[in-house]
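Below are the chains, spelled out letter by letter.
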Amino acid sequence: MSAAHLTGLNFRQDYFSDPAAWAALVSLLDDTFGIDIDPLRDLGGPDPTSMPFGWFTDEGVLAANLSAFAMPFVLNGRLINAAGLQSGAVRPPWRGRGLYRDVTQKALAWCEAQGFEAVILYTDKPALYEKYGFRPLPLHKYVGQAPIAMDHSGSRSLQPRDTEDLALLQGLLATRKPVSETLAVASSPAMFLINTLLDTDVRLSYLEEYKAAVAWKMPADGHFALLDVVAAEIPSFAAILAGLGILATTVETHFRPDRFQWSGKAVPYESGTRLMVRGPKGSLDHPAMLSPLADF
Ligand SMILES: CC(C)(COP(=O)(O)OP(=O)(O)OC[C@H]1O[C@@H](n2cnc3c(N)ncnc32)[C@H](O)[C@@H]1OP(=O)(O)O)[C@@H](O)C(=O)NCCC(=O)NCCS
């Protein structure tokens, strides 16, 4: 018996072009996770590669959803043609009836039909996905002494909601070099843009000299956290600090800093969620993590 027989809901996929269905997803994610993805409409729109799978009531309420999207990433020096899964949620009255199993199976079947060689996702419930062959990747950030300071070279703040800044960011995102050879997204502009808004502590600056957008935080006095760099050529860590005019004693990177002419110590990165991979080779040659700006 299909999930439709069990629940009386209507299945839809690929519904993002329907404004009412998009609003139903925004509502589901807000109610489930307290996350508002509606600003994506002002940031160039949802990822055009997205393929949402959802069960709707006759009144248009989205009861269950899981979305797949193209998420190419670099793993151990190789570009992987991967899909990501996100926005997985079932409203409480419809839980425990197999709806999530249904959308998971549909999404994975679609990923296979599209020829994706791997699928990745973040979850706080790994058990949901282990039965489909997903394995957790341990995540590490890098921590160490700040690089030796260079002369201040200048930068300006970027505001993704500003039309000109958005166009500049979209251009940089379209031609970016992955921040790391070990683990990094190759492309995922919509995620980067919405993540700059979801975490209000993230600062975004443009280094004109290097044509680089830098996402960063100062979690404590004298301690600088480099979250992501979007550029065709990656500047050194020292050049980034000089551009930002920041004098830090200690620094950390939320990715493996193999392209930054700086090295630190790998430290386990603890967060509420695990990164899980289903695909050909799921282990890392070096400790690493995906930038938080790639979170999905
Ligand atoms: C987790 C959630 C999506 C499950 O939805 P659901 O429709 O009740 O799940 P289903 O009835 O389809 O069950 C699917 C499978 O998941 C298992 N499962 C259900 N809830 C689970 C949980 N909290 N942890 C682990 N496994 C769970 C079921 O036992 C079932 O296993 P089976 O396929 O081997 O029989 C739903 O509870 C929810 O939206 N929770 C809040 C948001 C969330 O955690 N989303 C997932 C983010 S990655």
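Residues numbered from 1 in each chain as written. Predicted model: local features only at pLDDT ≥ 70, side-chain atom pairs only at ≥ 80, totals over all residues. Heavy atoms only, no water.

Examining the overall build of the protein
- The secondary structure content of the protein amounts to seven helices and 17 strands.
- Since a compact globule built from 296 residues should have a radius of gyration of about 19 Å, the 20 Å found for the protein is in line with a globular shape.
- Taken along the three principal axes of its C-alpha coordinates, the protein extends 65 × 40 × 35 Å.
- Going through the 296 residues of the protein one by one, you find that 52% of them count as buried.
- Taking contacts inside the protein between residues at least 6 apart in sequence as the whole, the part at least 24 apart equals 72%.
- About 13,400 Å² of surface is accessible on the protein, with carbon and sulfur atoms providing 51% of the total. (Helix = DSSP H or I, 4+ residues; strand = E, 2+ residues; numbered from the N terminus. Rg over C-alpha atoms; globule rule 2.2 N^0.38 Å. Buried < 20%, exposed > 50% of the residue type's maximum accessible area, 1.4 Å probe, protein only. Contact = heavy atoms within 4.5 Å. Areas by Shrake-Rupley, 256 points an atom, 1.4 Å probe, with all protein chains shown as cover.)

Brief notes about the pairing of strand β9 (residues 140-145)
- Relative to strand β16 (residues 265-268), β9 is paired through four bridges, and the arrangement is antiparallel. Following the sheet pairing, His140 is matched in β16 by Pro268.
- Sheet topology note: the β9/strand β15 (residues 250-253) ladder contains four bridges and is antiparallel. Within the sheet, the bridge partner assigned to Val143 lies in β15 and is Glu252. (Pairing = 2+ DSSP bridges.)

Re the nonpolar core
- Counting residues in each nonpolar core, the largest one holds 63 residues, and the members touching the most others are Leu25, Leu85, Cys111, Phe134, Leu183 and Phe296.
- Of the residues that make up this core, three or more belong to each of domain 1 (3-137) and domain 2 (141-270 + 279-294).
- In this view, Phe134 contacts Leu85, Leu108, Val119, Ile120, Leu121, Tyr129, Met276, Val277 and Arg278; residues no more than four positions away in its chain are not counted.
- Core analysis: the next-biggest nonpolar cluster, separate from the first, contains 23 residues, Ala146, Phe224, Ala231 and Trp262 among them. (Core = buried A, V, L, I, M, F, W, Y, C linked by side-chain atoms within 4.5 Å. Domains from an automatic or database assignment.)

Notes on the pattern of salt bridges
- Following the criterion strictly, the structure yields 16 salt bridges and no others.
- Ionic pairing is found between Glu208 and Lys211, a salt bridge with its closest N-O pair at 3.3 Å.
- Glu208 sits in the partly exposed class, given a relative accessible area of 47%. (Salt bridge = Lys/Arg side-chain N within 4 Å of Asp/Glu carboxyl O.)

What about the site of the ligand?
- Residues in close proximity to the ligand total 17 residues, the closest being Val90, Gly96, Arg101, Lys125 and Lys131.
- Take Gly88: an N or O atom from its main chain is 2.9 Å from a nitrogen atom of the ligand.
- Tyr100 is positioned such that a nitrogen or oxygen atom in its backbone is 2.9 Å from an oxygen atom of the ligand.
- Against a free-state accessible area of 890 Å², the protein chains account for coverage of 70% of the ligand.
- Listing elements by their share of the shell around the ligand, those giving two or more residues are α2 (19-33), β6 (82-90), α3 (99-114) and α4 (127-130).
- The class makeup of the residues in the shell around the ligand is seven nonpolar, five polar and five charged. (Near = heavy atom within 4 Å. Polar contact = N/O pair within 3.5 Å; in protein donor to acceptor, adjacent residues only side chain to side chain. Nonpolar A, V, L, I, M, F, W, Y, C, P; charged D, E, K, R; others polar.)

Things to note about the domain arrangement of the protein
- Looking at the protein, the domain boundaries give domain 1 (3-137) and domain 2 (141-270 + 279-294).
- Placing the centre of domain 1 and that of domain 2 at their C-alpha centroids yields a distance of 27 Å.
- Taken together, the contact pairs 28 residues of domain 1 with 29 residues of domain 2.
- Between domain 1 and domain 2, roughly 2,200 Å² of surface is buried when both sides are summed, and carbon and sulfur atoms account for 62% of that area.
- When the buried surface of domain 1 facing domain 2 is broken down by residue, Leu43, Val74 and Asn76 rank first, second and third, together holding 28% of it. (Buried area = accessible area lost by both parts, 1.4 Å probe.)

Comments concerning the packing of aromatic side chains
- Evaluation of the coordinates by the stated rule reveals 14 aromatic pairs.
- Here the aromatic rings of Tyr15 and Phe16 are separated by 5.5 Å at their centres, their planes lie at 80°, and the arrangement is edge-to-face. The exposure classification of Tyr15 matches that of Phe16, with both residues buried.
- Between Phe16 and Trp22 the ring centres are 5.1 Å apart and the planes differ by 85°, which places this aromatic pair in the edge-to-face class.
- The exposure class of Trp22 is buried, given its relative accessible area of 5%.
- Ring-pair connections join several aromatic residues into one group, and the members of that group are Tyr15, Phe16, Trp22 and Phe56.
- Residue placement shows Arg12 over the ring face of Phe56; its charged tip is 5.1 Å from the ring centre.
- Between Lys106 and the ring centre of Phe11, over which it is positioned, the NZ or CZ distance is 4.5 Å. (Phe/Tyr/Trp six-rings, centres within 6.5 Å; stacked < 30°, edge-to-face > 60°. Lys NZ or Arg CZ within 6 Å of the ring centre and 35° of its normal.)

Considerations on the sheet that holds strand β17 (residues 274-278)
- Within the open sheet, the seven strands sit side by side as β1-β2-β3-β6-β7-β17-β8. Their pairing is mixed. With partners counted over all chains shown, the strands left at the sheet margins are β1 (10-13) and β8 (135-137), one partner each. Along the sheet, successive strands turn relative to each other by an average axial angle of 25°, direction set aside.
- Across three bridges, the pairing between β6 and strand β7 (residues 118-123) is parallel. Following the sheet pairing, Gly84 is matched in β7 by Ile120.
- Each of β1, β2 (51-56), β3 (62-70) and β6 is contacted by α2, which is oriented at about 100° to β3, the strand it contacts most. (Axes fitted to C-alpha atoms, helices over the stretch in contact; angles between N-to-C directions.)

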